[in-house]
Amino acid sequence: MKPALHEYTLTTPIPVSSPPQRLDLGGLKSFRKKNLRGVEKRLSEFTTISSGSETRIFYELCYCILTPQSSGRVCDGIVAGLVKKGVLRDPESRRFELEAGLKKTRFWRNKSRYIIRAWERFASPQREQSLNGLLEMERDFTTPADFRSWLRGELRGLGIGMKEASHFLRNTGRYRGIAIVDRHVLACLTELDSEGGQGKGLASEKDYLRREEEMIDFSIDSGIPLEELDLLFWSARTGYIFK
């Protein structure tokens, strides 16, 4: 049975077959061919979340707030546990439980504050804004990158950088034309001898946009859709497709 559109449940890792020992373009394409069904299944799940309730979208924002420098699977488990206990229904009054639940993540004190701030702004009875309303504003922008830039401004003060904004949009079904870029992706691009993996890291928004553009170029040159690349790179290293 599929979870209701307001629920947050643990994400089931999708095992992949034949992860390449070393990435090259031929190996990546072969890996994609063998595991395309799993990649498409996960993308379809993200699209389903786009129709979720205000509460469900808030839970996904909480997940993306937690992920910087922390394990995605650990963060997924933390959010699912907090939801089950009802903590995220009012994290301000249950701050002690929230903080205790977040201690397996890095910078948990900051992240606790961000989640409470996000709840006050988007999920409390006195909320200032609607997350679904913000996401629906996508139609008013010419490009996905322009929309992401605007959305980051609306999510200010919540620890949301370029990667996290891209992650939140991807996980809520808005993954066309933007990329999730991090050091793991850059390492894979380096192994593929792509220009996108060369040079310095992601110290600024300008760096991120430049790396993203290089990733877009790689997507075009390789014929692999941009929205699939992060899932393929991650699963090639871990053995499973996650989020």
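Structure shown above.
Computed from a predicted structure; not experimentally measured. (Residues numbered from 1 in each chain as written. Predicted model: local features only at pLDDT ≥ 70, side-chain atom pairs only at ≥ 80, totals over all residues. Heavy atoms only, no water.)

Novice: I tried to follow helix H3 (residues 72-85) on my own but got confused; where do I start?
Specialist: Three- or four-residue spacings in an α-helix give side chains the same orientation, since the helix completes a turn every 3.6 residues. Between its terminal C-alpha atoms H3 stretches 20 Å, which fits the 20 Å expected from 14 residues at 1.5 Å a residue. Buried within H3 we find Gly72, Cys75, Asp76, Ile78, Val79, Ala80, Leu82 and Val83. Structurally, H3 contributes buried residues whose contacts are with helix H2 (54-66) and helix H4 (95-102). A distance of 3.3 Å separates the backbone nitrogen of Arg73 from a side-chain oxygen at the start of H3, and that oxygen is part of Ser71. In the segment just after H3, Gly86 is the residue with positive phi, at about 80 degrees. (Helix = DSSP H or I, 4+ residues; strand = E, 2+ residues; numbered from the N terminus. Expected span 1.5 Å × (residues − 1). Buried < 20%, exposed > 50% of the residue type's maximum accessible area, 1.4 Å probe, protein only. Contact = heavy atoms within 4.5 Å. Polar contact = N/O pair within 3.5 Å; in protein donor to acceptor, adjacent residues only side chain to side chain.)

Novice: What should I look at first to understand the side chain of Glu154 in this one?
Specialist: Among the structural elements, Glu154 can be located in helix H7 (residues 144-154). Although Glu154 is buried, it forms no salt bridge, and the closest oppositely charged side chain is Arg156 at an N-O distance of 4.6 Å. In this structure, Glu154 is in contact with Arg121, Phe122, Gln129 and Leu134, ignoring residues within four places of it in sequence. (Lys, Arg positive; Asp, Glu negative; His and termini not counted. Salt bridge = Lys/Arg side-chain N within 4 Å of Asp/Glu carboxyl O.)

Novice: Can you help me understand the nonpolar core in this one?
Specialist: If you look at the biggest cluster of nonpolar residues, it comprises 41 residues, and the most contacted ones within it are Leu61, Leu88, Leu131, Leu155 and Phe168. When contributions to this core are tallied by element, the ones reaching two or more residues are H2, H3, H4, helix H5 (108-122), helix H6 (131-136), H7 and helix H8 (162-171). Counting residues per element, this core draws most heavily on H2, which supplies 9 residues. Look past the residues within four positions of Leu131 in its chain and what remains in contact with it is Glu54, Ile57, Phe58, Leu61, Phe122, Leu155 and Phe168. Counting residues in hydrophobic clusters, the runner-up holds 28 residues, among them Ala179, Leu186, Leu226 and Phe233. (Core = buried A, V, L, I, M, F, W, Y, C linked by side-chain atoms within 4.5 Å.)

None of the figures reported here should be taken as evidence of function without further support.
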